[in-house]
Amino acid sequence: DNTSTNTTDNSSLNVTGNAGDNGTGNNFGDNTSINTSDNSSTDISGNAGDNGTGNNFGDNTSTNTTDNSSLNVTGNAGDNGTGNNFGDNTSINTSDNSSSNITGDAGDNGTGNNFGDNTSGNTSNNSSLDINGEPDNKFGNGTNFTTDNSSSTNICDISTGLCTNGSNAPVPVVNPPASGGGGGGGGGGGGAGAAAALAAGAGFFVLMGNDGGGWILEAPTKVTEDAGATLLGDATLEYVEINEAGTEAYVRLQTRIGSIEHTLPLKDGGDGTKHFAMLDETTGEYAELSFNPATREYYYQETGSRDGQAYAVKAHGWLKAK
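Residues numbered from 1 in each chain as written. Predicted model: local features only at pLDDT ≥ 70, side-chain atom pairs only at ≥ 80, totals over all residues. Heavy atoms only, no water.

**Re the overall build of the chain**
So the rule is basically this: Per the convention used, a helix needs a DSSP run of H or I reaching at least four residues, while a strand needs a run of E reaching at least two, with both numbered from the N terminus. Between buried and exposed lies partly exposed: a residue is buried under 20% and exposed over 50% of the maximum accessible area for its type, with that area taken using a 1.4 Å probe on protein chains only. Contact definition: two residues touch when any of their heavy atoms are within 4.5 Å. Residue burial considers only the protein chains on display, and all accessible areas are found by Shrake-Rupley using a 1.4 Å probe.
Each helix and strand counted, the chain has 1 helix and 30 strands in total. Out of the 322 residues in the chain, the part that is buried amounts to 52%. Excluding contacts between residues fewer than 6 apart, the proportion of contacts in the chain whose partners are at least 24 apart in sequence is 67%. By element, 43% of the accessible surface of the chain is carried by carbon and sulfur atoms, the whole surface being about 12,800 Å².

Next comes the structure, spelled out in structure tokens:
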């Protein structure tokens, strides 16, 4: 516990640890502080086998990377393992032309990066924070990432290709779909569409934005295609907006056959998660958006038929306040 590293003035620190099954490559106790400044670099690499952890950081860990410096944390683990594990109250601070890169890779049934409750990230002054997890990243409750206009925060689940951009820089204005349920490019085909309700998961993290005024997708997101890959191609969820009253959501998919647009009325929200859904009785297209205002996390799912071919797509990410 209470480990502190300070790397400064054009210096570098390299920490490498390796372990077998059920082991931990590098184990840092509680209250660890990793400080890198003044054109310096800190590289931490941990490797473990099945049921192991590449790098383990205890509660109250803080990283502070500033003044043209870089922090690189790479953790690898086998099946049922965790690439990088960070305890509660982890703080990742990056400023003044610096970068923080956290990459976790785990095998089957594993977690790339696992963060405890109350994780925070602060990225400012032309800096970047990149968190990449294979297969995914998991965050506890009360997590909060803030990014100024000159910087970027990117958090990606490698297995799905879904990323969240935490920058609060202005995004292109895209007009919402016209109200009325269906629409978009391509001919409408027959066929029934149905989808089970999507329940939002536990709180992950909060992105930039002021409360109130509605919610919006910050940047187009590639969807996961369960069916219809040939029909839709490399489809993206181009636009999502929840109006200020929280009574309707507007959604647009961009596909190789054109755009598919929907207006989804609010169905319920008694569990703290807002559920928007629509069913086009003519085409059989069904769309559902679940959104948790506390965590700003959304799940989207759509099924239907176009040009006689069935399709099913889904997406997951976070919205920002308008």
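Text resumes after the structure shown.
**Quick look at the packing of aromatic side chains**
Rule in force here: Stacked, edge-to-face and tilted are the three classes for Phe, Tyr and Trp ring pairs, Trp counted by its six-membered ring, which pair at centre distances within 6.5 Å; planes under 30 degrees apart are stacked, over 60 edge-to-face, the rest tilted.
Scanning the entire structure with this criterion turns up 6 aromatic pairs. Taking 5.2 Å as the distance between ring centres and 55° as the angle between the ring planes, the aromatic pair formed by W215 and F291 counts as tilted. In this pair, W215 sits in strand 20 (residues 215-216) while F291 sits in strand 27 (residues 286-292), placing the two residues 76 residues apart along the sequence. Given the relative accessible area of 0%, F291 is considered buried. Grouping aromatic residues by their ring pairs yields a cluster made of F28, F57, F86, F115, F139 and F145.

**Side note on the side chain of S70**
Its place among the elements puts S70 in strand 8 (residues 70-76). S70 gets classed as buried once you look at its relative accessible area, which sits at 18%.

**Points about the sheet that holds strand 3 (residues 24-28)**
Spelled out, the test is: Pairing between strands is defined by DSSP: at least two bridges between the two strands are required. To define axes, lines are fitted to C-alpha atoms, for helices over the stretch in contact only, and angles between the resulting N-to-C directions are given on a 0 to 180 degree scale.
The 5 strands are arranged 3-6-9-12-15 in an open sheet whose pairing can be described as parallel. Two strands close off the open sheet at either side, each with one partner strand: strand 3 and strand 15 (137-139). Here the strands of the sheet are splayed against their neighbours by 5° on average, with no regard to which way each runs.

**Observations regarding the nonpolar core**
Most often, soluble globular proteins keep nonpolar side chains buried together rather than apart. Put simply, the test is: What makes a nonpolar core is a set of buried Ala, Val, Leu, Ile, Met, Phe, Trp, Tyr and Cys residues whose side-chain atoms join them at distances within 4.5 Å.
Counting 25 residues, the largest nonpolar core has L237, I242, L264, L289, Y298, Y300 and L319 as its most contacted members. Elements supplying a minimum of two residues to this core: strand 23 (236-242), strand 24 (248-255), strand 25 (258-268), strand 26 (274-279), strand 27, strand 28 (297-306) and strand 29 (309-318). Once residues lying within four places of it in the same chain are set aside, the contact partners of I242 are G214, W215, E248, A249, F276, L289, F291 and L319. I34, I44, F57 and F86 belong to the second largest nonpolar core, which has 15 residues in total.

**A few points about a negative patch on the surface**
Here is the rule we go by: Without a salt bridge and with relative accessible area above 30%, a residue can belong to a patch; like charges are then joined within 9 Å and nonpolar side chains (Val, Leu, Ile, Met, Phe, Trp, Tyr) within 5 Å. A carboxyl oxygen of Asp or Glu within 4 Å of a side-chain nitrogen of Lys or Arg is what we treat as a salt bridge. When charges are counted, Lys and Arg are positive and Asp and Glu negative, with His and the chain ends excluded. To locate a charge, take atom NZ for lysine, CZ for arginine, CG for aspartate or CD for glutamate.
There is a patch of like negative charges on the surface, built from D21, D50, D79 and D108. Mapped onto the secondary structure, D79 falls in the loop between strand 8 and strand 9 (82-86). A relative accessible area of 31% places D79 in the partly exposed class.

**Focus on the environment of D9**
Inspection of the secondary structure puts D9 in the loop between strand 1 (4-7) and strand 2 (12-18). In this view, D9 contacts S37, D38 and S40; residues no more than four positions away in its chain are not counted.

**Let's talk about the side chain of T82**
When you line up the elements, T82 lands in strand 9. Among residues more than four places away in sequence, those in contact with T82 are G52, T53, G54, A77, T111, G112 and N114.

**Quick notes on the pattern of salt bridges**
All told, the structure shown has 3 salt bridges when counted by the stated rule. In this structure, E238 and R252 form a salt bridge, with 3.3 Å as the shortest nitrogen-oxygen distance. Placement of the pair is E238 in strand 23 and R252 in strand 24, with a sequence separation of 14 residues. With a relative accessible area of 24%, E238 lands in the partly exposed category. Residue R252 is classed as buried on the basis of its relative accessible area, which comes to 10%. A salt bridge links R252 to E261; the nearest nitrogen and oxygen atoms lie 3.0 Å apart. For the pair formed by R252 and E261, the shared burial category is buried. Each of E238, R252 and E261 takes part in a single network of salt bridges with overlapping partners.

**Some remarks on the pairing of strand 25**
Relative to strand 25, strand 24 is paired through 8 bridges, and the arrangement is antiparallel. Across the sheet, residue V251 finds its bridge partner in strand 25, namely H262. Connecting strand 24 to the antiparallel partner strand 25 that follows it, the hairpin turn spans 2 residues. Bridging between strand 25 and strand 26 involves 2 bridges; their strand directions are antiparallel. Within strand 26, the position partnered with L266 by the bridge is F276.

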